[in-house]
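Examining the three-dimensional arrangement
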Amino acid sequence: MEAPAGTVSAAVREHLRQLCLREFPCGIGSWNKSRFLPQTSRAWRELVPREEEAVSPGEETVEDLLGLVRSPHSPWALPEGSSAEDRFLRELAIQNPLVLKDSFFYTYFKSLRVVDKQVSLVDKDLLKFVKLEELILSANLIKEIDPANLPPTLKVLELYGNKMSSMECLCAGPPPGLQHLGLGHNKLLGPLESLYVTSDHWPNLVSLDLSFNDLTDLQSMVASLRTLPCLRLLVLQGNPLALVPYYRGFTIDSLSRLCVLDDITVASSEKHQFRGLRHSGDLLTQEAQLVVTIGNVRGVLDTSVLDPEPGPQGPFITYSYYVTYDFVEDEEAEGNGYGGVLAEIVKPSPSTEQLGEDVPEEVVEEAEDSVESGPVSQSQLGEMEESLVSGGSAPLPRTSVDSAEELAKLRPHLDPRLCPSPGTVLFSTVRKPWADVIPCNYEMQHTLSDLVPLKAFLMSGTTVTIVEEKILSWPVVPPSPDSPMPAKKGKGEKDKKGEKDKKGKKEKEEKDKKGKDGKDKAGKGEKDAAKKEGKKKKELLKDLRQDPPILRVLGSGRVALEPLLAGEPFVSTVCDFGVIRTLETDKLTFFRDSKNKKARKDAMEAKKSKTKLPAAIEKGKSLVSVYESNYHPDPLTVEVQIQLTQCRSAEEALRALVL
């Protein structure tokens, strides 16, 4: 009777059928029929193939048939990675095919490997394998197992990558001699799972693998594992409970007989460093700490060289650059201190370093005061989304967003890379002006108590994005023709110089009449005039209005964080988004920087000798040719590191309680 589909026994039968044990070159057929006696009622030993010196015409020798299944280039060869049992059965089906009956299979197999065969039920036909010691049922669809259907001779049971949500079903009479149990990459969840790993159920268990589940209570789990007298190998990495800083030290100190934890041998020095930590288990908080560090950004395109010079009516354009990343939101934490992060990311916060001399300090202070520190409301988020425009397009018209429906209408205009994924919060570095190497110098510590979402977040990774922010500023009141122009500093300096020459001539005429006292008064009057002029310019520049920022994504990519779950202390990478700079724009930047550095020096040399001017021109041309020949632009990169805090000693773990 055929076993129903989706069972272990059905998968075994299908596997034997795919081995083709009764087809050429195996089994009995025209290729070897003369080697066997007629099928009559004879004794068993009479059914053994006869040894003949020569085979009949049209038949193959045993050696030739074995060569067909052993040669890797043969069409009858087994697929690469086949087990030793499969190779033995194929050769046995050539040498002695009459032995291959159901009774033989039930007594032959000591190990069954049924991997990724869509098995959902362990049926009772498995009990027919009376010598079975190892059963591997990984990567299937098993949710529950009736231990009554497991052979009592079983010593190894692996159920990796299934859909089991609890170990309770295995505890109702498991195989008494089981030594290894592998339940990694399942869905075990809840504090009650620690009740099912005691010596009452697994008295001879030597190795236990519960990796990559959703177990959270380390103290309860370790307390149950202490009852297993034979436990020597334990794997718990990939669980939320393994993310707390004291995980390894507390586990090693609590399980004194443990030899290997998470595939790492427990050294005697570790036992010494964490001695006594188990007595403070009730005081240790179940929180994970991660530190995100963002270093230098390289290869950013200097967009400002493509903008025209601002006119009297503006706009005055400023650029700044920053890096964003998303991180899981801790819903269990008391008070969310990250509420204002989105507001800080989206709202412009110009600095004196970015705007140069065009914007006074009062404007900077007002902009910094406008950054909110409280939670982001729905209407505030709507205003933020209006400013999230990428690709250099014009900003969205400013409208009031008072409902979720209106907010949803705005979302199609947004670059999804500028919005956090569900369940995460967006974090940002400080805005910096353009430079060949932009130092972010960013470090943020994240402390989370809700460990299950944290594990899911680490499995999916974080998105790192480099953003360019463009802000256009306009004068509130257009300046009059007589007013000093902030963009044309050369004209202002020329006017000042003319006034200074006139005052110098006047002082020289009055020098003979008034003497020294008159000179002092003239100097005082000059200082007062300059002070009044500077104050007037400052008041003019203070009246600037800013458009919503125009955001453009320069590069975005995923950073894999799964190594942190696999036991790695940190993930350090350089995100490479490719080359976005061009020769044309870099030449403009090169000319601008060269002009700023050498303008005064070249002017002085030109004044001293007119013959040196052509030489300077030739020198500039040679510099351009050298620059073009050696042009190798750096790709757009950013340095990112995420570290999982781990305690290295008992003192370090207890010190964290005090802090």
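Reading the values: rules and limits
Residues numbered from 1 in each chain as written. Predicted model: local features only at pLDDT ≥ 70, side-chain atom pairs only at ≥ 80, totals over all residues. Heavy atoms only, no water. Helix = DSSP H or I, 4+ residues; strand = E, 2+ residues; numbered from the N terminus. Buried < 20%, exposed > 50% of the residue type's maximum accessible area, 1.4 Å probe, protein only. Areas by Shrake-Rupley, 256 points an atom, 1.4 Å probe, with all protein chains shown as cover. Pairing = 2+ DSSP bridges. Axes fitted to C-alpha atoms, helices over the stretch in contact; angles between N-to-C directions. Salt bridge = Lys/Arg side-chain N within 4 Å of Asp/Glu carboxyl O. Parallel < 35°, antiparallel > 145°, perpendicular 65-115°, else oblique. Left-handed = near helix turned anticlockwise from the far one by under 90°. Contact = heavy atoms within 4.5 Å. Nonpolar A, V, L, I, M, F, W, Y, C, P; charged D, E, K, R; others polar. Polar contact = N/O pair within 3.5 Å; in protein donor to acceptor, adjacent residues only side chain to side chain. Phe/Tyr/Trp six-rings, centres within 6.5 Å; stacked < 30°, edge-to-face > 60°. Lys NZ or Arg CZ within 6 Å of the ring centre and 35° of its normal. Core = buried A, V, L, I, M, F, W, Y, C linked by side-chain atoms within 4.5 Å. Arc of directions from axis to C-beta.

1. Quick notes on the overall build of the protein
Of the regular secondary structure elements, the protein holds 18 helices and 17 strands. Burial statistics for the protein: of 659 residues in total, 41% are counted as buried. With an accessible surface of roughly 36800 Å², the protein has 53% of that area assigned to carbon and sulfur atoms.

2. Digging into the pairing of strand β10 (residues 316-328)
Burial within β10 is extensive, with 12 of its 13 residues counted as buried. By the bridge criterion, 10 bridges tie β10 to strand β13 (residues 462-475) in an arrangement that is antiparallel. Along β13, the bridge assignment pairs tyrosine 321 with glutamate 468. Bridge count for β10 against strand β11 (residues 424-428) is five bridges, and the pairing is antiparallel. Bridging across to β11, phenylalanine 327 finds its partner in valine 425.

3. Quick word on the sheet that holds strand β16 (residues 570-576)
Pairing is antiparallel across the open sheet formed by four strands, whose spatial order is β12-β9-β17-β16. Of all the strands in the sheet, just β12 (437-448) and β16 have a single pairing partner and so form its edges. Pairwise comparison of adjacent strand axes, ignoring direction, gives a mean angle of 10° for this sheet. The pairing of strand β9 (residues 288-298) with β12 spans 10 bridges and is antiparallel.

4. With respect to the pattern of salt bridges
A complete count under the given rule lists 11 salt bridges for this structure. Note that aspartate 214 is salt-bridged to lysine 455, the shortest N-O span being 3.1 Å. On the criterion of sequence distance, the pair formed by aspartate 214 in the loop between β5 (207-209) and α5 (218-225) and lysine 455 in helix α13 (residues 451-460) is long-range, its members being 241 residues apart. Each member of the pair, aspartate 214 as well as lysine 455, carries the same accessibility label: buried.

5. Digging into the packing of helix α2 (residues 62-70) against helix α3 (residues 84-95)
The interhelical angle for the contact between α2 and α3, taken along N-to-C directions, is 160°, at an axis separation of 10 Å. Here α2 lies roughly antiparallel to α3, going by the angle between them. Classified by chirality, the crossing of α3 by α2 is right-handed. Between α2, through Val62, Leu65, Leu66, Val69 and Arg70, and α3, the contact on the second element is made entirely by Arg90, Glu91, Ile94 and Gln95. Its residues assigned to classes, the contact of α2 with α3 shows five nonpolar, one polar and three charged.

6. So, the sheet that holds strand β2 (residues 134-136)
If you walk across this open sheet you meet the eight strands as β1-β2-β3-β4-β5-β6-β7-β8, and the pairing is mixed. What marks the edges here is a single partner per strand, and that holds for β1 (111-113) and β8 (264-265).

7. Focus on α5
Among the eight residues that make up α5, six are buried, leaving the element largely enclosed by the rest of the structure. For α5, the set of buried residues is Leu218, Gln219, Met221, Val222, Ser224 and Leu225. Packed against the buried residues of α5 are β5, β6 (233-235) and α6 (247-254). Of the residues that open α5, the one with a side-chain oxygen 3.5 Å from the backbone nitrogen of glutamine 219 is aspartate 217.

8. Focus on the side chain of asparagine 32
Considering the arrangement of structural elements, one finds asparagine 32 in the loop between α1 (8-18) and α2. Within the local environment of asparagine 32, its side chain forms a polar contact with the backbone oxygen of glycine 27, the two atoms lying 2.9 Å apart. Not counting residues up to four positions away in its chain, the partners in contact with asparagine 32 are Gly27 and Glu59.

9. Brief notes about the environment of proline 245
By the secondary structure assignment, proline 245 is in the loop between β6 and α6. With 399 residues separating them in the primary sequence, proline 245 and leucine 644 have C-alpha atoms 7.8 Å apart. In contact with proline 245, not counting residues within four places along its chain, are Glu287, Thr645, Gln646 and Cys647.

10. Looking at the packing of aromatic side chains
What the rule picks out here adds up to 13 aromatic pairs. An angle of 15° between the planes, with centres 5.4 Å apart, marks the rings of phenylalanine 88 and tyrosine 108 as stacked. Of this pair, phenylalanine 88 sits in helix α3 while tyrosine 108 sits in helix α4 (residues 102-108), and the two are 20 residues apart along the sequence. Looking at phenylalanine 88, the relative accessible area reads 38%, which means it is partly exposed. Here the aromatic rings of phenylalanine 109 and phenylalanine 129 are separated by 6.3 Å at their centres, their planes lie at 70°, and the arrangement is edge-to-face. Of the two residues, phenylalanine 109 sits in the loop between α4 and β1 while phenylalanine 129 sits in the loop between β1 and β2, which places them 20 residues apart along the sequence. Put simply, the rings of Phe88, Phe104, Phe105, Tyr106, Tyr108, Phe109 and Phe129 touch in pairs and so form one group of aromatic residues. Across the ring face of tyrosine 322, the terminal group of arginine 431 is positioned such that the distance to the ring centre comes to 4.8 Å.

11. Observations concerning the nonpolar core
Grouped together as the largest cluster of nonpolar side chains are 118 residues, with contacts concentrated most on Leu170, Leu181, Leu210, Leu225, Leu290, Leu454 and Val638. The contacts of leucine 290, once residues within four sequence positions are left out, are Phe327, Met444, Gln445, His446, Leu448, Leu454, Leu458, Leu564, Ile642, Gln643, Leu644 and Thr645. Residues Tyr322, Leu418, Val467 and Val553 belong to the second largest nonpolar core, which totals five residues.

12. What to know about unusual backbone geometry
Here the bond from phenylalanine 24 into proline 25 is cis, since omega is 5°, no more than 30 degrees from zero. If you trace the backbone, proline 25 turns up in the loop between α1 and α2. Unusually for a residue other than glycine, phenylalanine 212 sits at a positive phi of about 55°. Its place among the elements puts phenylalanine 212 in the loop between β5 and α5. Its relative accessible area of 10% is what places phenylalanine 212 among the buried residues. Despite not being glycine, aspartate 263 has its phi angle at roughly 65°, a positive value. Looking at the element boundaries, aspartate 263 is found in the loop between β7 (260-261) and β8.

13. Regarding the packing of α5 against α6
With their axes 10 Å apart at the nearest point, α5 and α6 run at an angle of 25° to one another. The orientation of α5 relative to α6 falls into the category roughly parallel. Considering how the two elements wind past one another, α5 and α6 form a crossing that is right-handed. On α6, the residues touching Leu218, Gln219 and Val222 of α5 are Tyr247, Phe250, Thr251 and Ser254.

14. Description of the environment of serine 428
Within the secondary structure, serine 428 sits in strand β11. Assessed through its relative accessible area of 17%, serine 428 is described here as buried. Along the chain, serine 428 and tyrosine 322 lie 106 residues apart, while their C-alpha atoms are 6.8 Å from each other.

15. Side note on α13
Residues Leu451, Leu454, Lys455, Phe457 and Leu458 constitute the buried set of α13. The arc enclosing the buried residues of α13, seen along the axis, measures out at 160°, which places them on a common side. As for α13, its buried residues are in contact with β9, β10, β11, β12, β13 and α15 (562-565). After α13 finishes, the residue glycine 461 shows a positive phi value of roughly 90°.

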